[in-house]
Amino acid sequence: MTTKKFYLLLLNIFCSGFLFSQVQFSTDFESASIGSVKLLDSVWIKSTPADSMLTLSYEISSRFDPLNPVDTSLSPSARWYLFRITGVKGKQLFINIKNSEAIRPFYSYDNTTFQRFESVENINKGQINKIFTHDTVYICHFIPYTCSHLDKKYKEWSGSNYVKTEVIGQSQQGRDIRMMTLTDWSADDTNKKRVWIHGRVHPSEHPSSWHLEFLIDKLLDGSTHSRALLANTIFYIVPFTNPDGVYGGLSRSASSGVNIEINWDRPDSLTMPEVKALRGKIESLTKDRPFDLLLNMHSQISGSITYWIHTAESTSGLMYRKQMLLSALTINDNPFFAPADLSFSGVAPRYVEGWIWDRSGNNTVAITFETPYTYYKNDKNGDWVSLDNLKSLAGNSLSAISDYLEISSEARILADVKVSRPSEWKKAVDDSLVYFGNECLITDKIGQKVSAKVKLPKAGTYKVYTWVAGAVGNRSDNMINRWKELGSVTVSKKRTYKWRGISDQLNGVADKLLFLK
Ligand SMILES: [Zn+2]
């Protein structure tokens with residue numbers, strides 16, 4: 001070896017050690033989490049004859065939740081990761097993520113604006129491969145929805161005349177569990193529908209919080225539809241059921257290690273304070289009258305949206321039909337959700353849904369709504385989950401809630417269909433079709449006259465839709481269990497309009513009509 005070569009080797013060793021020592025992993029910030037970091041390899045590669053690049057290979061293990069002291073057979077989850085790496089600019093990093101999924105996760109150079117790794121940067125399962133252009137990078141499973149972000153939004157929402165806030169209890173670590181009540185306080189409460197929504201039982205499920213935030217934003221956007229919904233409904237919303245878990249960057253447990261999603265049927269001594277807070281509030285709110293709807297907002301690793309529908313066998317035919325109606329209304333005109341994405345299970349009292357079923361029976365549809373972290377409709381070549389499409393999904397969810405509660409407003413005018421010769425029609429039996437209301441009339445005779453009286457609030461043209469009530473078990477036919485456009489009507493002034501049609505137009509099913517301006 002020549003003297004020159006020897007000095008070059010020394011320089012390389014020095015530089016390699018120097019640059020390597022600059023790469024540091026940290027989690028000293030909100031919602032951050034990592035288990036362990038292991039440097040597997042570091043190699044200088046010649047990118048051009050004059051330039052070398054340091055290539056570093058790491059194995060990251062995401063951090064497990066604390067051991068569950070109540071359900072001791074459950075293995076702790078390690079889904080969530082959010083960490084900062086400094087000193088990475090211009091270096092090629094191979095990062096293997098163990099214990100969790102790395103399916104095009106996200107990165108950010110400022111912990112505020114996040115983007116997904118491209119497919120070519122995540123070719124091998126669990127492995128990220130990228131040359132970063134800034135010195136500091138944040139890597140996470142999904143765009144973080146943190147306590148401080150909620151604080152900011154909560155302050156904004158609290159400024160609305162429609163919103164009242166309260167603290168319904170404290171978490172294990174003493175954080176407030178906050179609830180917002182949203183309604184038009186000037187409207188009489190007697191006949192208002194009542195909807196309970198809670199989120200972030202599982203702290204890693206960040207997409208669900210974005211979905212819920214956009215839903216609340218939409219409710220408070222001052223539009224005709226939102227105002228009508230608030231005039232006719234009271235929404236009780238707990239955005240974070242598990243604030244400790246969110247703050248501490250946990251995956252599926254509270255700070256105690258308990259998965260509070262399945263803690264609803266435990267004796268008092270084993271019931272976590274977060275569940276006690278929710279249970280106490282729900283008990284006091286439903287003392288005289290049950291909720292109409294309870295939504296439990298989650299996110300799932302499967303590449304699809306889903307509702308967890310409770311089977312008719314474990315509940316009732318009526319409950320099954322109601323859940324299928326809500327699902328069908330959410331799937332209606334929704335590019336991100338298909339009937340094949342629905343999930344089914346028996347109702348069980350360890351979940352809030354089972355606890356509500358035992359308490360309120362057929363009166364309350366209590367259901368888990370899951371958004372994915374990755375893509376929709378199990379199609380990785382389709383749309384990947386983004387804040388934009390979660391926002392559009394929230395709009396869809398709100399229309400579904402409003403139609404499900406049968407709230408007719410100037411923005412979405414609902415009307416019942418009347419038949420002229422009832423003897424030619426018969427009642428749909430055994431909740432076999434997905435229809436609104438208490439009964440549904442069907443006929444196989446063509447040309448049967450039908451009509452509907454509807455108050456059209458303004459002059460103009462309205463599109464008319466009929467609800468195509470199809471089989472309750474339908475998972476494949478996209479032409480049934482949806483609003484189907486029949487045509488349009490034009491009125492010259494505000495008035496009660498009598499719509500006339502025949503049974504053929506309605507596929508032989510007399511249910512609801514929808515008029516949209
Ligand atoms: Zn969950």
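Note: the structure precedes this text.
About the cut-offs
Residues numbered from 1 in each chain as written. Predicted model: local features only at pLDDT ≥ 70, side-chain atom pairs only at ≥ 80, totals over all residues. Heavy atoms only, no water. Pairing = 2+ DSSP bridges. Helix = DSSP H or I, 4+ residues; strand = E, 2+ residues; numbered from the N terminus. Axes fitted to C-alpha atoms, helices over the stretch in contact; angles between N-to-C directions. Patch = residues over 30% accessible without salt bridge, like charges linked within 9 Å, V, L, I, M, F, W, Y side chains within 5 Å. Areas by Shrake-Rupley, 256 points an atom, 1.4 Å probe, with all protein chains shown as cover. Salt bridge = Lys/Arg side-chain N within 4 Å of Asp/Glu carboxyl O. Lys, Arg positive; Asp, Glu negative; His and termini not counted. Charge placed at Lys NZ, Arg CZ, Asp CG, Glu CD. Buried < 20%, exposed > 50% of the residue type's maximum accessible area, 1.4 Å probe, protein only. 1 Å grid on protein atoms, 1.4 Å probe; cavity = no way out; pocket = protein on both sides within 12 Å on 5 of 7 lines; lining within 4 Å. Points joined across faces, edges and corners; volume = space filled by probe spheres on them. Nonpolar A, V, L, I, M, F, W, Y, C, P; charged D, E, K, R; others polar. Donors = N, O, S within 2.8 Å, 3.2 Å for Na, K, Ca; no water. Tetrahedral: all angles 85-135°; square planar, octahedral: opposite > 155°, others 65-115°. Disulfide = S-S within 2.5 Å. Parallel < 35°, antiparallel > 145°, perpendicular 65-115°, else oblique. Left-handed = near helix turned anticlockwise from the far one by under 90°. Contact = heavy atoms within 4.5 Å.

A.B. asks: Would you take a moment to explain the sheet that holds strand β4 (residues 82-86) for this structure?
C.D. replies: Working definition: the strands of a sheet are paired by backbone hydrogen bonds and lie parallel or antiparallel to each other. With respect to topology, five strands assemble into an open sheet ordered β1-β4-β9-β6-β7, the strand pairing being antiparallel. If you trace the sheet from one side to the other, it starts and ends with β1 (24-26) and β7 (114-116), each paired once. Averaged over all neighbouring strand pairs, the angle between strand axes comes to 30°, with direction disregarded. Two elements, β1 and β4, share three bridges in a ladder whose sense is antiparallel. Looking across to β4, one finds that Phe25 is bridged to Ile85.

A.B. asks: Would you mind showing me how to read a positive patch on the surface here?
C.D. replies: There is a patch of like positive charges on the surface, built from Lys418, Lys449, Lys453, Lys498 and Arg500. Of all the elements in the fold, those that place two or more residues in the positive patch are β22 (449-456) and β25 (495-502). Taking the relative accessible area as the measure of exposure, Lys453 reaches 64% and is therefore exposed.

A.B. asks: What's the story with the layout of surface pockets in this structure? I'm lost.
C.D. replies: A probe as big as a water molecule, rolled over the atoms, marks out the empty space that is left. Within this model, the largest pocket holds a volume of roughly 400 Å³. Around the largest pocket, the lining is made up of 22 residues, and of these Glu261, Trp308, Tyr351, Thr368 and Glu370 lie nearest the centre. If you list the elements that add at least two residues to the lining of the largest pocket, you get β14 (293-300), β15 (306-310), α8 (352-360) and β17 (365-372). In terms of residue count, the dominant contributor to the lining of the largest pocket is β14 (three residues). Residue composition of the lining of the largest pocket, by class: five nonpolar, 10 polar and seven charged.

A.B. asks: How should I be thinking about the coordination of the zinc ion in this particular structure?
C.D. replies: Around a metal, the idealised angle for a tetrahedral arrangement of four donor atoms is 109.5 degrees; for an octahedral arrangement of six donor atoms it is 90 or 180 degrees. Protein ligation of the zinc ion involves His202 (ND1), Glu205 (OE), Glu205 (OE) and His298 (ND1), the donor distances falling in the range 2.1 to 2.3 Å. Coordination at the zinc ion is irregular: its four donor atoms span angles of 58 to 143° at the metal. Binding-site remark: the zinc ion is held by donors from one chain whose sequence spacing is H-x2-E-x92-H. Residue Glu205 is located in the loop between β12 (193-199) and α3 (206-219), and its partner His298 is located in strand β14; the two are separated by 93 residues in the primary sequence. We note that Glu205, like His298, is buried.

A.B. asks: Please clarify how the state of the cysteines should be interpreted in this entry.
C.D. replies: Covalent bonding between the sulfur atoms of two cysteines is what defines a disulfide. Tallying each qualifying case throughout the model produces zero disulfides. No disulfide involves Cys140; its sulfur sits 16 Å from the nearest other cysteine sulfur, which is in Cys147. Note on Cys140: relative accessible area 0%, which makes it buried.

A.B. asks: Got a minute to help me understand the packing of helix α7 (residues 317-331) against helix α9 (residues 387-404) in this structure?
C.D. replies: Two numbers describe a pair of packed helices, the interaxial angle and the distance between the axes. Running from N to C, α7 and α9 cross one another at 140°; their axes reach a closest spacing of 8 Å. With respect to α9, the axis of α7 lies oblique. As for how α7 packs across α9, the hand of that crossing is right-handed. Counting all contacts with α7, which are made through Lys322, Leu325, Leu326, Leu329 and Thr330, the residues of α9 involved are Asn396, Ser397, Ala400, Asp403 and Tyr404. By residue class, the composition of the contact of α7 with α9 is five nonpolar, three polar and two charged.

Geometric values such as these leave the question of function open.
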